[in-house]
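Spelled out, the chains give:
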Amino acid sequence: MNSYPNLPTILNDLPYHYYYPQADKFLELNLPFKNFSTLPLLPDMGKNSANILKAFKPTVPSPVIIPFKPSAKIEHICRQNNWKLVAVDSKLNRLLEDKLLFTNLALANNIPTIPHLIGPLASSLIDQSQKLFGPQLVIQTHFGWAGSSTYLYNLTNQLTVPQGTPVKIMPLLEGATYTNNCCLTKWGSIVGPPALQINGLPTLSSNSFATTGRQWPSFLPDRHLKKIQKVSQDIVKLLQKLDFRGFYGVDYLITQKDIYVLEINPRLTASSNFYTQLELKNNLIPTIYWHLAEFLDLKLPSINYDFKLYFSHALEGTEITPKSAEGHTIAKHWFWQPVAKHYPPVYDLQKINDL
């Protein structure tokens, strides 16, 4: 069934050198290619991949640039230097990563989202939201990283978001969040197995919305896995309409009754490096290899690869990333076993507290 297991060899033998501009020391990427290098962040550059590339002077021909997150500046630098760029279109990335715009796209394409109101932040909008959803609200702005654009509001809170800021307001629902890594290619659609997102543990972050790790397996029951498979196909249809291609992640909130899509991360994800190591450990062709093949426009012969294997594969491992209140990662720990079991998740707090 899987007649194309030599993709790693093809990528490794291409006459290219792959470069990953690492703008954050905790967002590494390690690919086992003889011709792969990391471009480190130097002093006074700021956490900015474009600044790394501005200072980059390749000593080998045909550099291939693999940024964590696309941007118009990176695209311009690569065009200017005739470098190959392996990244989602920056305008499409910006559209999909906008939490408010994505919500409207999801509604128009039958993708389940948490009940919400969208509008300029004002006391009247909060009053209306509390009448609909109750006293405890979750408020999100357009963009943010690791929970930095998500706020809890109730009668005792004072928001730091300025009045008039466009926001999405939702009820605070009881449940757990999950994520999966995916890739859309001309050869097929990859939907990876869901991972439990680790958040809400005070020892890992004072911000309850900050994602402080993820774990495979998810221990989700079959009824939820089937719903995720269905929603995943609806997301693929939306992305195909937008001519999207490449690596992306999807975050879900799962309650006892429902599954909601929280957001799409149309780029490499915070878990992509750890996830790649899990795939290699389990003899899977890493999802990021298909991302590379897609953007390098490889003319692969007709293949018969069963992409459905990714969703059902029994990966096992945990990545713990404690974060500051502002959402900045302050450490990273890997385990080759789960730290939470069952559904709903029950954490091995002793193991986490010993970090």
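Look up: the structure comes first, before these words.
Residues numbered from 1 in each chain as written. Predicted model: local features only at pLDDT ≥ 70, side-chain atom pairs only at ≥ 80, totals over all residues. Heavy atoms only, no water.

**Considerations on the overall build of the chain**
- When helices and strands are counted, the chain shows 11 helices and 18 strands.
- For 355 residues, the compact-globule estimate of 2.2 N^0.38 gives 20 Å, and the C-alpha radius of gyration of the chain, at 20 Å, lies within 12% of that figure.
- Along the first, second and third principal axes, the C-alpha atoms of the chain reach 60 × 45 × 45 Å.
- For the chain, contacts bridging at least 24 residues in sequence account for 63% of all contacts bridging at least 6.
- Put simply, the chain shows about 16,300 Å² of open surface, and 53% of that area lies on carbon and sulfur atoms.
- Of the side-chain charges in the chain, 32 are positive and 25 negative, and the distance between the mean point of each set is 3 Å. (Helix = DSSP H or I, 4+ residues; strand = E, 2+ residues; numbered from the N terminus. Rg over C-alpha atoms; globule rule 2.2 N^0.38 Å. Contact = heavy atoms within 4.5 Å. Areas by Shrake-Rupley, 256 points an atom, 1.4 Å probe, with all protein chains shown as cover. Lys, Arg positive; Asp, Glu negative; His and termini not counted. Charge placed at Lys NZ, Arg CZ, Asp CG, Glu CD.)

**As for empty space enclosed by the protein**
- Counting across every chain of the model gives two cavities of 30 Å³ or more.
- Roughly 60 Å³ of volume is contained in the largest cavity.
- Surrounding the largest cavity, 13 residues form its lining, L27, E28, T269, A270 and S272 being those nearest its centre.
- Per-element tally for the lining of the largest cavity: the top contributor is helix α8 (residues 272–281), with three residues.
- Looking at the lining of the largest cavity residue by residue, the class counts come to seven nonpolar, three polar and three charged.
- Counted as a void, the second largest cavity has a volume near 30 Å³.
- Lining the second largest cavity we find P67, F68, P70, V86, A87, V88, R267, L268 and H291. (1 Å grid on protein atoms, 1.4 Å probe; cavity = no way out; pocket = protein on both sides within 12 Å on 5 of 7 lines; lining within 4 Å. Points joined across faces, edges and corners; volume = space filled by probe spheres on them. Nonpolar A, V, L, I, M, F, W, Y, C, P; charged D, E, K, R; others polar.)

**A few points about the packing of helix α4 (residues 90–97) against helix α5 (residues 99–108)**
- Running from N to C, α4 and α5 cross one another at 80 degrees; their axes reach a closest spacing of 5 Å. On the basis of their axis angle, the class for α4 and α5 is roughly perpendicular. Seen from α4, the contacting residues are L95, L96 and E97; seen from α5, they are K99, L101, F102 and L105.
- The residue inventory of the contact of α4 with α5, partitioned by class, reads five nonpolar, no polar and two charged. (Axes fitted to C-alpha atoms, helices over the stretch in contact; angles between N-to-C directions. Parallel < 35°, antiparallel > 145°, perpendicular 65-115°, else oblique.)

**With respect to the sheet that holds strand β5 (residues 117–120)**
- One open sheet holds the four strands; their spatial order is β5-β8-β6-β7, and the pairing between them is antiparallel. Whereas interior strands pair on both sides, the edge strands pair on one side only; in this sheet they are β5 and β7 (150–153). This sheet shows a mean twist of 30 degrees between the axes of neighbouring strands, independent of strand direction.
- Across four bridges, strand β6 (residues 137–140) lies against strand β8 (residues 166–171) in antiparallel orientation. Bridge pairing links V138 to M170 in β8.
- Docked against the sheet, α5 engages β5, β6 and β8, running at close to 60 degrees with respect to β8. (Pairing = 2+ DSSP bridges.)

**Considering the sheet that holds strand β1 (residues 17–21)**
- The strand order β2-β1-β3-β4 describes an open sheet built from four strands, whose pairing is parallel. The strands lining the two open edges of the sheet, one partner per strand, are β2 (36–39) and β4 (84–85).
- The pairing of strand β3 (residues 63–65) with β4 spans two bridges and is classified as parallel. Across the sheet, the residue bridging to I65 is L85, located in β4.

**Observations concerning the pairing of strand β9 (residues 176–185)**
- Where burial is concerned, most of β9 is hidden: 10 out of the 10 residues are buried.
- Residues A176, Y178, N180, C182 and L184 point to one face of β9 and T177, T179, N181, C183 and T185 to the other, with burial holding for every one of them.
- In terms of strand pairing, β9 meets strand β13 (residues 246–254) through nine bridges, oriented antiparallel. Bridging across to β13, L184 finds its partner in G246.
- Two strands pair when backbone bridges link them, and β9 and strand β11 (residues 195–197) are joined in this way by two bridges, in the antiparallel orientation. In the sheet register, T179 faces β11, and the bridge partner there is A195.
- One ladder, built from four bridges, connects β9 with strand β10 (residues 188–191); its direction is antiparallel. Note on β10: the bridge partner recorded for T185 is G188. (Buried < 20%, exposed > 50% of the residue type's maximum accessible area, 1.4 Å probe, protein only.)

**A few points about helix α9 (residues 287–295)**
- Burial of α9 is extensive: nine of the nine residues sit out of reach of the surface.
- Buried residues of α9: T287, I288, Y289, W290, H291, L292, A293, E294 and F295, and no others.

**Focus: α8**
- Of all 10 residues making up α8, eight are buried, and the element is well covered by its neighbours.
- When we look at burial in α8, the residues that qualify are S272, N273, F274, Y275, T276, Q277, L278 and E279.
- Positioned one or two residues after α8, N283 has a phi angle of 60 degrees, which is positive.

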